[in-house]
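Tertiary structure, described
One letter stands for each residue in the lines below.
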Amino acid sequence: MSTLLLNAPFFAVAALICVAIYIAMTQRNLIKLVMGLSILEAGVNLFLVALGYRQDGVAPIFTNAPDSLMVLPVPQALTLTSIVIGVATTALMLTMVVLIHRHTGETDAEKSRRVKG
């Protein structure tokens, strides 16, 4: 396989992280900021999975361990944990956005900073 094809997941990771950073730096809408952070989380998860990949690897089930190479189970476990934590933090962020919208009537980050009490 060509080197470009083997490194494609890492190019996708770089693209996702660049898009997320661009969104975080340019958007003022709180919902769009939450979406940008979710894209960043997807990029990190893809990076973890890509690190644990081994070509021609089999699933890491140790009941009948094969003689061939297995993919690394630790990045898979970290990714699963990251997904669960990401869902919880995304729900918390969206709850905060809803509360800010109820209090101010806006989802603009600049206008919500000026509100006191």
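Because the structure is predicted, anything quoted here is derived from the model rather than measured. (Residues numbered from 1 in each chain as written. Predicted model: local features only at pLDDT ≥ 70, side-chain atom pairs only at ≥ 80, totals over all residues. Heavy atoms only, no water.)

1. Things to note about the packing of helix α2 (residues 8–26) against helix α3 (residues 30–51)
For any two helices packed against each other, one specifies the inter-axial angle together with the distance between the axes. Using the following cut-off: Axis lines are fitted through C-alpha atoms, for helices just across the contact stretch, and the angle between N-to-C directions can take any value from 0 to 180 degrees. In this text, helices come from DSSP runs of H or I with a minimum length of four residues, and strands from runs of E with a minimum of two, each type numbered from the N-terminal end. Reported orientations rely on four angle classes, namely roughly parallel under 35 degrees, roughly antiparallel over 145, roughly perpendicular from 65 to 115, and oblique for the rest. With the far helix as reference, a near helix turned anticlockwise by less than a right angle produces a left-handed crossing, and one turned clockwise produces a right-handed crossing. Any two residues whose heavy atoms approach within 4.5 Å at even a single point are treated as in contact. Classification used: nonpolar for Ala, Val, Leu, Ile, Met, Phe, Trp, Tyr, Cys and Pro, charged for Asp, Glu, Lys and Arg, polar for all others including Gly.
Remark: α2 packs on α3, axes separated minimally by 8 Å, with the N-to-C direction vectors making an angle of 160°. Overall, the two elements α2 and α3 adopt an arrangement that is roughly antiparallel. Crossing angle aside, the handedness with which α2 passes α3 is left-handed. Packed against α2, whose contacting residues are P9, F10, A12, V13, L16, I17, V19, A20, I23 and A24, the element α3 presents K32, L33, G36, I39, L40, A42, G43, L46, F47, A50 and L51 at the interface. Taken together, the residues of the contact of α2 with α3 sort by class into 18 nonpolar, 2 polar and 1 charged.

2. Remarks on the confidence of the model for the chain
Quick note on the threshold: Values of pLDDT, the confidence the predictor places in each residue, fall between 0 and 100.
In this model, the chain carries an average pLDDT of 87, and 91% of its residues clear a pLDDT of 70 or more. Within the chain, the lowest mean pLDDT, 75, falls on helix α1 (residues 3–6), and the highest, 95, falls on α2.

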